[in-house]
Amino acid sequence: MAAAAAGSGTGSGTGSGSGPGGGRGPVLTPTTMNPAVRRVEYAVRGPIVTRALQLESDLRQGVPKPFTEVIKANIGDAQAMGQKPITFLRQVTALCLYPALLAEPSIPEDAKDRARRLLAACGGQSAGAYSASPGIELVRRDVARFLQRRDGVPAKPQDIFLSTGASDAIVSILKLLVSGSGGSRTGVLIPIPQYPLYSAAIAELSAVQLNYYLDEEHCWALDVAELRRALAEGRRRCCPRVLCIINPGNPTGQVQSRQCIEDVIKFAFEEKLFLMADEVYQDNVYAEGSAFHSFKKVLFEMGPPYSEVVELASFHSVSKGFMGECGFRSGYVEVVNMDPEVQQQLAKLVSVRLCPPVPGQIVLDAVVDPPQPGDPSYELFITEKQAVLSALAHKARLTQEIFNKAPGIRCNPVQGAMYSFPRIELPPRALAAAEAQGQAPDMFFCMRLLEETGICVVPGSGFGQREGTFHFRMTILPPTEKLQVLLEKLSSFYAKFVKEYS
C-alpha cells in the first residue's frame, strides 16, 4: 500500500511516476506556496538594497565604479552609520554575558551592581538561559517604573510584554486583531506614508489595508477628517477595527501635538477602534516647540470615559532613540484596557516563541533604568546621550536646509525620528523612461542615483504616497561631514538627472 501511495502522486499533487522519485516535482513551488507571503513587500530591504550590496562586492573586487564607497542611507541603523554605543549599556551587557569582568577594576561599581541584579533574575544566574516568555520579571517591573515616571500614570508589569524589537510585538498584536472573512475581515488603518512593516504584516495576515494620508502641505500632520474618510471608505468593504499611529513619524519625521493625540483618541472611542501607538522614536524630537506626548499619558489625562474603555497597545524599542542598539533586537509593548481573556491569549501567543533574546532584555533594562545623578556612570552616560541627540538635531536642520536650496526638491522640517522624506519633481521624459523599464518613477530615480553616486536611499513608493507625487526616504544618521557631502552630491545628481530628462 505504501508503494502504491508513493507512486500515485496524491500526497503532494505534483505529479506521478513509475518508481521512487520518478516524475516527482517539488512540493513547494511559487504556485503552491502561501500566497499571503508572495504579497509581502518590504522596501527598506528591497531590490535597491540588493543592488547596493552587489555594488559593494564589486568595489571590494576592484571593479571600477564612479564612486569609492556605497553609502547606505536606506535604514535607521545608527551604529552601522558610525554612531558609538553608549558605554553604560555595553558595560552592563558585557558583565552579564561574561561575569568574570565583575573583577575588572576599571568598570564602575553601579554597572556591576546592575549586572549582579540582572544575573540574579536569570535562570541559573546566566544570560544564556531562557527567560519567562513575556520577559524577565525584573525587567518588566523596571519598564513599568520607567512608564510611570514618564507618564505620571500607574503601569503594571503584567501589562508589559517584552519582544524581539518593537516589530515582533506589533505583529503579535495584529495577529490578535485580525479575524473574519469577506466583508467582516479586519481592516487596519495605517498612515501613508507608512513604515513598510505595517503593510507587510497586514499582507501576511491577509487583513485589509486602509490608507489614511498625512498632510504633506502641513508638515505631514494627521487630520481627523482624513481618518473619517478612510474609515467610511473601508466600511464599504471590510470591518475596520484597528488604527495605527506612528509618532514621531517614520518616514515623515513629524511630531504630533497633544491636541492631535486627544482628537485621535476621541475618534477611536467614537468609532470603536483599537489603537496601536508606535512610539519607538520618542527620544528623537528636535524641532523647537515640538514635544513627545505618549498616547497613554494623554488617554489618562482625558479621564473617563476614554481612559476606561479605549484599548491601546504602545510600543518602544532599544533600536532607535539615543541607543541605536538595533542588533540586540529588543523592545516591548504595553497593553491598556485589554480584555483579560484576550491578554491571556496574548501570553499564550508569545510563549510559542519561548522568549525574547535575553541579551536584548538586559540592554532594555539599562535603557529604562539608567544611571542617576551621583552614580559613578552618570556623567559619562548623560554626556554621551546628549551628544548623540544634539548631533541628530543638527543633522535634521542641515538636511532640511540643503535639500530646500535645490530647485525641484522640497523637504518638510524633520521634527523628529531619523529620516527625511523629500518630495521631488520628475520630468515627463523620466516618467516615460521609468515606465519603459517597468519601474515606479521614484524607484527609477533612486536606482540611477545608486549606480552613479553610490548613495542608497529608498523610493517613496515603498512607503506609499499620494498619486502623482514622488519622494525618497533618507536617514540623517551618517556623521555630519559625510551627511553634508551626501546631501550636496544627491542635490547635484538630481539637477543633472532633471536636465537629462527635460
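No experiment lies behind these values; they were computed from the predicted model shown.

A few words on the confidence of the model for the protein. Chain-level statistics for the protein give a pLDDT mean of 90 and a share of 95% at 70 or above. This model gives residues 1-16 a pLDDT under 50, and the stretch forms 16 contacts once residues within four places in sequence are excluded.

A separate point is unusual backbone geometry. The omega torsion across I192 and P193 is 0 degrees, close enough to zero to call that bond cis. For P193, the location among the structural elements is in the loop between strand 3 (186-192) and helix 8 (197-204). In the segment running from P304 into P305, the intervening peptide bond is cis, with an omega of 0 degrees. Looking at the element boundaries, P305 is found in the loop between helix 11 (295-302) and helix 12 (306-309). Positive phi, normally seen in glycine, also occurs at S206, with a value near 55 degrees. By the secondary structure assignment, S206 is in the loop between helix 8 and strand 4 (208-213). Even without a glycine there, the phi angle at R329 is positive, about 50 degrees. Counting through the fold element by element, R329 comes out in the loop between strand 7 (312-317) and strand 8 (331-336). What makes R329 partly exposed here is its relative accessible area of 31%.

Once that is clear, we can look at the sheet that holds strand 10 (residues 419-420). Across the sheet, three strands lie side by side as 10-14-13; this open sheet has antiparallel pairing. Where the open sheet ends on each side, the last strands, each with one partner, are strand 10 and strand 13 (458-459). Examined bridge by bridge, strand 13 and strand 14 (residues 472-475) share two bridges and lie antiparallel to one another. Pairing of V458 across the sheet is with R473, part of strand 14.

Quick look at the nonpolar core now. Membership of the largest hydrophobic core comes to 83 residues, with the highest contact counts inside it found for V143, I173, M276 and F315. Leave out the neighbours within four places in its chain, and V143 touches I160, L162, Y332, L364 and V368. One finds L55, M443, F472 and F497 within the second-largest nonpolar core, a separate group that totals 40 residues.

Right, let's get into the environment of N247. Within the secondary structure layout, N247 lies in the loop between strand 5 (239-246) and helix 10 (258-271). Given the relative accessible area of 1%, N247 is considered buried. Considered as a pair, N247 and V280 are 33 residues apart in the sequence and their alpha carbons are 7.8 Å apart. Leaving out residues up to four positions away in the same chain, N247 has contacts with Q254, V255, Q256, I261, D278, E279, F292 and H293.

Quick look at helix 5 (residues 109-120) now. Its 12 residues place the ends of helix 5 16 Å apart at the C-alpha level, agreeing with the 16 Å of an ideal helix rising 1.5 Å per residue. Here helix 5 has its buried residues at D110, A111, K112, R114, A115, L118 and L119.

Another point: the pattern of salt bridges. Tallying each qualifying case throughout the model produces 31 salt bridges. In this structure, the salt-bridge partner of E271 is R228, at a minimum N-O distance of 3.3 Å. Here the residue E271 occupies a position in helix 10, and R228 occupies one in helix 9 (residues 224-235), the gap between them amounting to 43 residues.

It is worth spelling out the side chain of D278 at this point. With respect to the element layout, D278 can be found in strand 6 (residues 274-278). One buried charged residue, D278, remains without a salt bridge, the closest side chain of opposite sign being K320 at 9.5 Å. A distance of 2.8 Å separates the side chain of D278 from the side chain of Y198, its partner in a polar contact. In terms of polar contacts, D278 uses its side chain to reach the backbone amide nitrogen of V280, at 3.4 Å. Among residues more than four places away in sequence, those in contact with D278 are I170, Y198, I245, I246, N247 and F315.

Of all six residues that make up strand 8, six are buried, and the element is covered over most of its length. Alignment of strand 2 (residues 160-163) against strand 8, held across four bridges, turns out to be antiparallel. Across the sheet, S163 pairs through a bridge with G331, a residue of strand 8. Note: strand 7 against strand 8, six bridges, orientation antiparallel. Following the sheet pairing, A313 is matched in strand 8 by V335.

On to the sheet that holds strand 2. Within the open sheet, the seven strands sit side by side as 2-8-7-6-5-3-4. Their pairing is mixed. Both outer strands of the open sheet, strand 2 and strand 4, are each paired with one neighbouring strand and no more. Taken over all neighbouring pairs, the strand axes of this sheet differ in orientation by 25 degrees on average, direction set aside. Inspection of the sheet shows strand 5 paired to strand 6 by five bridges, in the parallel sense. Counterpart to I246 in the pairing with strand 6 is D278. Running at roughly 20 degrees to strand 2, helix 13 (residues 340-351) makes contact with strand 2 and strand 8 of the sheet.

Calculation rules
Residues numbered from 1 in each chain as written. Predicted model: local features only at pLDDT ≥ 70, side-chain atom pairs only at ≥ 80, totals over all residues. Heavy atoms only, no water. pLDDT = per-residue confidence, 0-100. Contact = heavy atoms within 4.5 Å. Helix = DSSP H or I, 4+ residues; strand = E, 2+ residues; numbered from the N terminus. Buried < 20%, exposed > 50% of the residue type's maximum accessible area, 1.4 Å probe, protein only. Pairing = 2+ DSSP bridges. Core = buried A, V, L, I, M, F, W, Y, C linked by side-chain atoms within 4.5 Å. Expected span 1.5 Å × (residues − 1). Salt bridge = Lys/Arg side-chain N within 4 Å of Asp/Glu carboxyl O. Lys, Arg positive; Asp, Glu negative; His and termini not counted. Polar contact = N/O pair within 3.5 Å; in protein donor to acceptor, adjacent residues only side chain to side chain. Axes fitted to C-alpha atoms, helices over the stretch in contact; angles between N-to-C directions.

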